[in-house]
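Tertiary structure, described
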Amino acid sequence: MSNRRPGRAAVTGIGVVAPNGLRTDAYWKSVREGLSMLDLISREGCDHLPLRVAGEVRAFDPAALIEDRFLVQTDRFSHFAMAAAALALDDAGLGGEPADPFSVGVVTAAGSGGGEFGQRELQKLWGKGSKFVGPYQSIAWFYAASTGQISIRGGLKGPCGVVASDEAGGLDSLAHASRAVGRGTDVMVVGATEAPLAPYSMVCQLGYPELSTLDDPARAYRPFTEKACGFVPAEGGALLVVEDEDRARERGAPVRAFVAGHAATFTGASRWAESREGLARAIRGALDEAGCAPEEIDVVFADALGVPEADRAEALAIADALGAHGTRVPVTAPKTGIGRAHCAAPVLDTVAAVLAMEHGQVPPTPNVFDICHDLDLVMSRARPAELRTALVLSRGLMGSNAALVVRRGDDSAR
């Protein structure tokens, strides 16, 4: 932790592992073009389950990116996290051992934990006995595993933590990191990754009434439409490097964006009509913290649950919080092309918001062509626009709501 007066929280690095791209440039290309990567689930042991469609990360080889000693200790969701963290640190020009390990912290959000690892070890317990269960079962499934492994692997000894607040935890983790920087920590590695497509994890999700069980990838996840029938899950996620702006400037690092404001509320599990007020309050709180007027918002990245009652509540919340501007501001939901990766979904949306501001384009909402709500939803193709400020929204299935305001950083596009 440095003795300098803390400045703004700047995003200087991004690492993505998503169904539509294993690096930031590939992710943005797919998002900008509105490609849909949703498909029938191909994971072993899942073909008999009613959940048929998801966003899978299919071109990911953890052995090519992560050392063997970490692979044997960790679940797929941590493999994603370690790979994304390394990409983010390299993007920020901070790869390798830090000069001051206590100046760099880690915070992640997690919803599903290490289900694949846990299922494998429990099957050994039931089928062979306790002597066949590996010692890492005690840690690999745990929600905090990714934070711990990123910290250990990188030698990062600053403030570390894990946020558990539903899907909205992805935005809450970014706020947590921003405030850690505000308290004097130089650098935070922050974000979320999920791997909820193992059979055990999928069975757990089947209890959610909001889950879509259609077997047509083009129709399974279509929020804001009359045909909305729920969401489909996804794996993957993103990690960002957030650091003190002055420190970034001193070392010559381009500032990609600023984490400007955040707020969170709670309205209860599946109480979607009530989420209107909760989400509107979160939006107002984020705007207040950012010192941002409603008309300054240039684009909204929607939560887009795909449940009619929830979609209506979100559209009304945007109008409640932004006034007349709420029906005119471009709204988008790129996640309809890759699925909702639980806690990682709003982090991927935040990455998309940063890239949209850099490139001056609002990405489209895949698979959505007609809407039944009073929103200016961007569909079919990307829309050129001057973007300086983005609003990212998220709601959790258990009732958390969050809003994040992100400001554009350096003007030069990458």
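The structure presented is a predicted model; accordingly, all values stated were derived computationally and were not measured. (Residues numbered from 1 in each chain as written. Predicted model: local features only at pLDDT ≥ 70, side-chain atom pairs only at ≥ 80, totals over all residues. Heavy atoms only, no water.)

1. Some thoughts on the packing of aromatic side chains
A complete count under the given rule lists 2 aromatic pairs for this structure. The ring centre of F258 lies 3.7 Å from the NZ or CZ of R8, which sits over that ring. (Phe/Tyr/Trp six-rings, centres within 6.5 Å; stacked < 30°, edge-to-face > 60°. Lys NZ or Arg CZ within 6 Å of the ring centre and 35° of its normal.)

2. What to know about the packing of helix 7 (residues 169-182) against helix 12 (residues 344-359)
Between helix 7 and helix 12, the shortest axis-to-axis distance is 6 Å and the interhelical angle comes to 60°. Counting all contacts with helix 7, which are made through G170, L171 and L174, the residues of helix 12 involved are P346, V347 and T350. When its residues are assigned to classes, the contact of helix 7 with helix 12 shows 4 nonpolar, 2 polar and no charged. (Axes fitted to C-alpha atoms, helices over the stretch in contact; angles between N-to-C directions. Helix = DSSP H or I, 4+ residues; strand = E, 2+ residues; numbered from the N terminus. Contact = heavy atoms within 4.5 Å. Nonpolar A, V, L, I, M, F, W, Y, C, P; charged D, E, K, R; others polar.)

3. Overview of the layout of surface pockets
Estimated volume of the largest pocket: approximately 560 Å³. Surrounding the largest pocket, 26 residues form its lining, G111, S112, G113, Y143 and Y208 being those nearest its centre. For the lining of the largest pocket, the residue count by class is 12 nonpolar, 12 polar and 2 charged. Of the volumes computed, that of the second largest pocket is approximately 390 Å³. Around the second largest pocket, the lining is made up of 20 residues, and of these L89, L94, G95, G96 and L156 lie nearest the centre. Mapped onto the lining of the second largest pocket, the elements with two or more residues apiece are helix 3 (76-91) and helix 6 (145-154). The leading source of residues in the lining of the second largest pocket is helix 3, at 5 residues. Taken together, the residues of the lining of the second largest pocket sort by class into 11 nonpolar, 4 polar and 5 charged. (1 Å grid on protein atoms, 1.4 Å probe; cavity = no way out; pocket = protein on both sides within 12 Å on 5 of 7 lines; lining within 4 Å. Points joined across faces, edges and corners; volume = space filled by probe spheres on them.)

4. Considering the pattern of salt bridges
Two side chains that carry opposite charge are able to pair once their charged atoms sit near each other. The tally for this structure, following the rule as stated, stands at 30 salt bridges. The closest approach of N and O atoms between E33 and K29, which form a salt bridge, is 3.2 Å. Separated by 4 residues within a single helix, E33 and K29 lie in helix 1 (residues 24-33), roughly one turn from each other. Residue classification places E33 among the partly exposed residues on the basis of a relative accessible area of 37%. For K29, a relative accessible area of 44% gives the class partly exposed. Notably, a salt bridge pairs R249 with D410, separated by 2.8 Å at the nearest N-O pair. With a gap of 161 residues between them, R249 in helix 9 (residues 245-250) and D410 in the segment after strand 15 (400-408) connect regions that are remote in the sequence. (Salt bridge = Lys/Arg side-chain N within 4 Å of Asp/Glu carboxyl O. Buried < 20%, exposed > 50% of the residue type's maximum accessible area, 1.4 Å probe, protein only.)

5. A short note on the pairing of strand 8 (residues 257-266)
The sheet contact formed by strand 1 (residues 9-17) and strand 8 spans 2 bridges and is antiparallel. Note on strand 8: the bridge partner recorded for V11 is A257. (Pairing = 2+ DSSP bridges.)

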